[in-house]
Amino acid sequence: MTFDELGLNAPLLQAIADLGFEKPSKIQEEAIPQLIAEDRDMVALAQTGTGKTAAFGFPLLQNIDANSKTTQGLIIAPTRELCLQITNEMKLYAKHMKGVRVVAVYGGANIQEQAREISRGAQIVVATPGRMQDMMRRRMVDITKLSYCVLDEADEMLNMGFYEDITNILADTPEDKLTWLFSATMPREVSRIAKEFMVNPLEITVGHKNEGAKNVSHEYFVVHTRDRYQALKRLSDANPDIFSVIFCRTKRDTQKVAEQLIEDGYNAGALHGDLSQNQRDLVMKSFRNRQIQMLVATDVAARGIDVDDITHVVNYQLPDEIETYTHRSGRTGRAGKTGISLVIVTKSEMRKIKQLEKILGKKFEQKTIPDGKEITQVQLMHLANSINTTEINDEIEAYLPEIEEVLKDNTKEELIKKVFSVEFTRFFNYYKKSKDLNQNAVGAAKEQSGDSTRYFINVGSKDDFDWMKLKDFLKEELGLGQDGVYRVDCKDAFSFFNTDTEHKDKIIAHFENFELDGRRVSVEETQGGGGRSGGGGRSGGGDRRRSGGGSSDRQRSDRKSSYGDDQGGRSRSRSERPERPARFERSERSSSPRTPDNRSEGNKSPFSGKRRRRS
Ligand code: ADP
Ligand code: MG
């Protein structure tokens, strides 16, 4: 189906084309024609990330009278972030409609200004429940002529205790307005709203009620409670391009984990209810433009946040409610992309994993926390790949003669070794004495006893693999049975997997001169270099400081930011970036001089000390 066929008018179709939406999502396909044509209430259920905003936004825009300044549509959403997000989307949809004004109304911002915006004529108001009531009390908004009321993320609103607020608002709206309720799940309170405030609503459900996102895979790691944080760091180190939301259960843990990550040199930030609105805005802005790679958040604060391309959701702790898990994992795998939900659990929480599997009808794959040598290999390959794909900046020419003069006595081989040693030494030293964090992980135990071999293969997600596809591919190629290939970890340009050691020779032989779509595929046993034997040594603080940046500085050139204009569209110059070494400073941090950046912000900084250059 196409958008044309849904009955949308020309200005909307033009906006849709501008947005690059090719075809309607399932919920859009079902809801839009009904909402345009029928004067009926609607309850629409679809998982997060399925395009619900447009499903009500397009029909709402089409149905209002743009020539009248009266407020005709009210959208209620649970949080300020969502309110702004919906408003921005609606403005984009209305781009080619003359005279349409969409105004956001939310707490923590100047109420007079919002009232002024409305008095200039706003056909559509997007509001949080609290501020909306404030403005109603002060007669700053008139909703007595409303034709449409949309309750977005209804389950979240009710979760947050907005039942009474919603009923108060609805009480002020005309009897004959239409109510459209959109929700990811259908808990009892949502049915109650539907029963009490809606007339014979049409019900649309896409997928099963309470189902999680389809293209999200679920992986879990069993560790000791005291190793949770270390495990988190390793997972991040093993995924240099990670762009993630990390969920903790309490505001305190959220703040603590974020602070620790920042201290350890990661691009992290905290998002929870104890921060001021201003701080939260800053964090979200930094996250949206990728200056923050790891957003540590509480469930409430992260509700409904729509940031594209989140690669991983990390459950630092499991939530109490299964529905909360569904919401968390719905932050990734949006708009047709794949995503991974990682769960860090202790042995005693294994039964919760079983429950989740049963209720969500999904398999949760047990994985092992990577060890130092694997992380070192990932990081070095990542560096090699990004050097390889870096575009040469012509401006460099002017600086080259002096650089070449300094380096003239090095051969190419020496230069490569030196460049990589910078990174290697950092990881090598950090992980030298690292232990196995895994509790009862099959593959890792076997590997230590020599019964299992780990391999490196030079294909990855760039080649359209994910770990499941790669596992299937390898199983088929190698003729190994169901569990013959395990611990498959798919990275960007390469991957890892294990087999029992008895198959090693066969596997190495199989991939000798092997090609896939004309490309040479090579498989090697992973190198044990990062482990016990000596070397490495003591590169001083000064050295490391300058060499830092490496792993986490890399640009995310392959990711587009959907908020491109928000930050003035400029990339940050190198000098604006603080000097902290990228990572792994923990053991040294007391002796490291404080940079201007962390001195002024202290550890309380809700946003990362490290800036990433935007691409
Ligand atoms: P939901 O409210 O269901 O969680 P959103 O409305 O926030 O989902 O949409 C998620 C993302 O998908 C947004 O970035 C939105 O711009 C995008 N999107 C919506 N509809 C389409 C479509 N038909 N084609 C491509 N992208 C879409
Ligand atoms: Mg939504």
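Residues numbered from 1 in each chain as written. Chains lettered and ligands numbered in written order. Predicted model: local features only at pLDDT ≥ 70, side-chain atom pairs only at ≥ 80, totals over all residues. Heavy atoms only, no water.

(A) Broad picture of the overall build of the protein. For the protein, the helix and strand inventory stands at 23 helices and 20 strands. Looking at the protein as a whole, 54% of its 615 residues are labelled buried. Residue pairs at least 24 apart in sequence account for 79% of intrachain contacts in the protein once pairs closer than 6 positions are excluded. Of the roughly 28,400 Å² of accessible surface on the protein, 47% is carried by carbon and sulfur atoms. (Helix = DSSP H or I, 4+ residues; strand = E, 2+ residues; numbered from the N terminus. Buried < 20%, exposed > 50% of the residue type's maximum accessible area, 1.4 Å probe, protein only. Contact = heavy atoms within 4.5 Å. Areas by Shrake-Rupley, 256 points an atom, 1.4 Å probe, with all protein chains shown as cover.)

(B) Representation of the side chain of Glu357. The residue Glu357 is located in helix α14 (residues 350-360) in this model. A relative accessible area of 15% places Glu357 in the buried class. Looking at Glu357, its side chain comes within polar contact range of the main-chain nitrogen of Phe364, at 2.7 Å. When near neighbours in sequence (up to four residues on either side) are disregarded, Glu357 contacts Lys362, Lys363 and Phe364. (Polar contact = N/O pair within 3.5 Å; in protein donor to acceptor, adjacent residues only side chain to side chain.)

(C) Layout of the packing of helix α13 (residues 322-329) against α14. Viewed as axis vectors pointing N to C, α13 and α14 meet at an angle of 75°, and their least axial separation amounts to 11 Å. The angle between α13 and α14 falls in the class roughly perpendicular. On the side of α13, the interface is formed by Ile322, Tyr325 and Thr326, while α14 contributes Gln355, Leu356, Ile359 and Leu360. When the residues that make up the contact of α13 with α14 are grouped by side-chain class, the tally is 5 nonpolar, 2 polar and no charged. (Axes fitted to C-alpha atoms, helices over the stretch in contact; angles between N-to-C directions. Parallel < 35°, antiparallel > 145°, perpendicular 65-115°, else oblique. Nonpolar A, V, L, I, M, F, W, Y, C, P; charged D, E, K, R; others polar.)

(D) Quick peek at helix α12 (residues 277-288). Taking 1.5 Å as the rise per residue, α12 with 12 residues should run 16 Å; its terminal C-alpha atoms sit 16 Å apart, in good agreement. Of the residues making up α12, those classed as buried are Arg280, Val283, Met284, Ser286, Phe287 and Arg288. Check the buried side of α12 and you find it contacts α4 (80-93), β9 (244-247), β10 (268-271) and β11 (294-297). (Expected span 1.5 Å × (residues − 1).)

(E) Just the site of ligand 1, in detail. As a structural note, the neighbourhood of ligand 1 is formed by 17 residues, with Lys23, Gln28, Gly49, Lys52 and Thr53 the closest of them. Contact distances for ligand 1 include 2.9 Å between a nitrogen atom and a backbone N or O atom of Lys23. Between Gly51 and ligand 1, the recorded distance is 3.2 Å, taken from a backbone N or O atom to an oxygen atom. Protein chains shield 86% of the accessible area of ligand 1, which is 570 Å² for the free molecule. Counted by class, the shell around ligand 1 contains 3 nonpolar, 8 polar and 6 charged residues. (Near = heavy atom within 4 Å.)

(F) Spatial organisation of the pattern of salt bridges. According to the stated counting rule, one finds 27 salt bridges in the structure shown. Here Asp299 makes a salt bridge to Arg328, at a shortest N to O gap of 2.7 Å. Here Asp299, found in the loop between β11 and β12 (312-315), pairs with Arg328, found in helix α13; they are 29 residues apart in sequence, far enough to count as distant. Arg328 matches Asp299 in its accessibility class, with the two residues each being buried. Here the salt bridges share partners, and the residues they tie into one network are Glu219, Lys367, Glu374, Arg454, Arg487 and Asp489. (Salt bridge = Lys/Arg side-chain N within 4 Å of Asp/Glu carboxyl O.)

(G) Expanded view of the sheet that holds strand β14 (residues 364-366). Ordered in space as β10-β11-β9-β12-β13-β8-β14, the 7 strands form an open sheet in which the pairing is parallel. Looking at strand neighbours, the two that pair on one side only are β10 and β14, the edges of this open sheet. Going across the sheet, the axis of each strand differs from the next one's by a mean of 25°, ignoring polarity. Its contacts with the sheet place helix α10 (residues 228-237) against β8 (216-222), β9, β11, β12 and β13 (339-345), and it is angled at close to 155° to β13. (Pairing = 2+ DSSP bridges.)

(H) Main features of the side chain of Asn458. With respect to the helices and strands, Asn458 occurs in the loop between β15 (452-457) and α19 (467-478). Separated by 2.8 Å, the side chain of Asn458 and the backbone nitrogen of Ser522 make a polar contact. Beyond its immediate stretch of four places on either side in the chain, Asn458 contacts Asp463, Ala493, Phe494, Arg519, Arg520, Val521 and Ser522.

(I) Spotlight on helix α11 (residues 251-263). When the terminal C-alpha atoms of α11 are compared, their 18 Å separation across 13 residues agrees well with the 18 Å that a helix rising 1.5 Å per residue should span. All buried positions along α11 are accounted for by Thr254, Gln255, Val257, Ala258, Glu259, Leu261, Ile262 and Glu263. Packing partners of the buried residues in α11 comprise α10, β9, β10 and β11. Looking at the residues trailing α11, positive phi occurs at Gly265, about 90°.

(J) Quick look at the pairing of strand β16 (residues 486-490). Among the 5 residues that make up β16, 4 are buried, leaving the element largely enclosed by the rest of the structure. In this sheet, strand β17 (residues 495-500) lies alongside β16 in antiparallel orientation, the contact comprising 3 bridges. Residue Cys490 lies in a different strand from β17, and its bridge partner there is Ser495. In this antiparallel pair of consecutive strands, β16 and β17, the connection spans 4 residues.

(K) Focus on the environment of Val459. Position of Val459 among the secondary structure elements: in the loop between β15 and α19. Note: C-alpha distance between Val459 and Leu470 (11 residues apart in sequence) is 8.8 Å.

(L) Molecular detail of a nonpolar patch on the surface. On the surface, Ile392, Ile396, Tyr399, Ile403, Val406, Leu407 and Leu415 cluster together to form a nonpolar patch covering roughly 670 Å² of accessible area. Per element, the largest residue contribution to the nonpolar patch is 3 residues, and it comes from helix α16 (residues 400-407). Along the polypeptide, Ile403 turns up in helix α16. Given the relative accessible area of 37%, Ile403 is considered partly exposed. (Patch = residues over 30% accessible without salt bridge, like charges linked within 9 Å, V, L, I, M, F, W, Y side chains within 5 Å.)

(M) Broad picture of the sheet that holds strand β3 (residues 102-105). Sheet architecture is open: 7 strands sit in the order β3-β4-β2-β5-β6-β1-β7, paired in parallel fashion. Whereas interior strands pair on both sides, the edge strands pair on one side only; in this sheet they are β3 and β7 (202-205). Direction aside, the axes of adjacent strands within the sheet are offset by 15° on average. Sheet analysis places β3 next to strand β4 (residues 124-127), joined by 4 bridges and oriented parallel. Bridge assignment links Val102 to a residue of β4, and that residue is Ile124.

(N) Up close: unusual backbone geometry. Backbone geometry places Arg139, a non-glycine residue, at a positive phi of 55°. The exposure class assigned to Arg139 is exposed, which follows from its relative accessible area of 76%.

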